[in-house]
Amino acid sequence: MSDKPLTLAAVTGAHGVAGEVRLKLLGEGFDALKSHKSFNAVGSGATLTLVKIRSDNKGGAIARFAEVPDRTAAELLRGTALSVSRQELPGLEEGEFYFSDLLDLPVVTDTGEDVGRVCAVENFGATDIVEIEKPDGKKFMVPLTEQAVPEWDASRLVISEAFWDR
């Protein structure tokens, strides 16, 4: 298991004039986010201390950080990813994982051929989908099912030959 921080949200812009920010939620939603007291501002190395947070009732959140005194400071955070260390998250049950565990893993077929790397993991409602980028830059998607992805670990993801989009 990786020890790299996990990104839970991203600042999409300022909200009002008092320094609040709008957040796009990338984790388990609003309830999971509000349990954290501080976040790492990815890229700047700054720590942002959460003062208050509320749902925006649209799938995102509105947050106020102690270090952000006004709208100008809030606007400067636009595009900033907010992460926490893995140790601050609940433990995983057998078979559970974080999408970030799969990102950048090399992908091979069950016959041993190199395919590319995992560039994204999505879920559009039915099942998790792994997006794979081939060496030529083209991408294709594979459902994260036992039939399509018979195994993966911290070093590689294996897909069934039949799901390889050459």
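As shown above, the structure is provided for reference.
All values reported here derive from a predicted model rather than from experimental measurement.

Caption draft 1: Highlighting the packing of aromatic side chains. Considering all chains together, one arrives at one aromatic pair under this definition. Between Phe39 and Phe65, the ring centres sit 6.3 Å apart and the planes meet at 85 degrees, which makes this aromatic pair edge-to-face. Of the two residues, Phe39 sits in strand β3 (residues 38-41) while Phe65 sits in strand β5 (residues 61-65), which places them 26 residues apart along the sequence.

Caption draft 2: Just the pattern of salt bridges, in detail. Throughout the structure, instances matching the rule amount to eleven salt bridges. Its salt-bridge partner being Glu151, residue Arg156 comes within 3.6 Å of it at the nearest N-O pair. Owing to a relative accessible area of 41%, Glu151 belongs among the partly exposed residues under this scheme. The network of salt bridges with common partners includes Glu20, Lys52 and Arg54.

Caption draft 3: Molecular detail of the layout of surface pockets. A volume near 840 Å³ is recorded for the largest pocket. Mapped by element, the contributors of at least two residues to the lining of the largest pocket are β1 (6-15), α1 (30-34) and β8 (114-123). Its residues placed into classes, the lining of the largest pocket shows 16 nonpolar, seven polar and five charged.

Caption draft 4: Broad picture of the sheet that holds strand β10 (residues 139-143). Pairing is mixed across the open sheet formed by six strands, whose spatial order is β10-β9-β8-β7-β12-β11. Here the strands that pair on one side only, and so sit at the sheet edges, are β10 and β11 (151-152).

Caption draft 5: Examining the side chain of Thr109 more closely. Residue placement: Thr109 occurs in strand β7 (residues 106-109). Looking at Thr109, its side chain comes within polar contact range of the side chain of Thr111, at 2.8 Å. Those residues in contact with Thr109, other than ones at most four positions away along the chain, are Val115, Val158, Ile159, Glu161 and Trp164.

Caption draft 6: View of the environment of Leu105. Of note, Leu105 is situated in the loop between β6 (81-84) and β7. Those residues in contact with Leu105 that sit more than four places away from it in its chain are Gly116, Arg117, Val118, Trp152, Asp153, Ala154, Ser155, Arg156 and Leu157.

Caption draft 7: Seen up close, unusual backbone geometry. Here the phi dihedral of Asn57 falls at roughly 60 degrees; this positive angle occurs in a residue that is not glycine. Within the fold, Asn57 resides in the loop between β4 (46-55) and β5. Positive phi, normally seen in glycine, also occurs at Asp104, with a value near 70 degrees. Locating Asp104 in the fold gives a position in the loop between β6 and β7.

Caption draft 8: Quick peek at the sheet that holds β5. Judged by pairing direction, the barrel is antiparallel, and its six strands sit side by side in the order β1-β2-β5-β4-β3-β6 before closing back on the first. In this sheet, neighbouring strand axes are inclined to one another by 45 degrees on average, regardless of whether the strands run parallel or antiparallel. Here strand β2 (residues 20-25) runs beside β5; their pairing, made up of three bridges, is antiparallel. Each residue of the ladder has a partner; that of Leu23, found in β5, is Ala61.

Each value, and the rule that gives it
Residues numbered from 1 in each chain as written. Predicted model: local features only at pLDDT ≥ 70, side-chain atom pairs only at ≥ 80, totals over all residues. Heavy atoms only, no water. Phe/Tyr/Trp six-rings, centres within 6.5 Å; stacked < 30°, edge-to-face > 60°. Helix = DSSP H or I, 4+ residues; strand = E, 2+ residues; numbered from the N terminus. Salt bridge = Lys/Arg side-chain N within 4 Å of Asp/Glu carboxyl O. Buried < 20%, exposed > 50% of the residue type's maximum accessible area, 1.4 Å probe, protein only. 1 Å grid on protein atoms, 1.4 Å probe; cavity = no way out; pocket = protein on both sides within 12 Å on 5 of 7 lines; lining within 4 Å. Points joined across faces, edges and corners; volume = space filled by probe spheres on them. Nonpolar A, V, L, I, M, F, W, Y, C, P; charged D, E, K, R; others polar. Pairing = 2+ DSSP bridges. Polar contact = N/O pair within 3.5 Å; in protein donor to acceptor, adjacent residues only side chain to side chain. Contact = heavy atoms within 4.5 Å. Axes fitted to C-alpha atoms, helices over the stretch in contact; angles between N-to-C directions.

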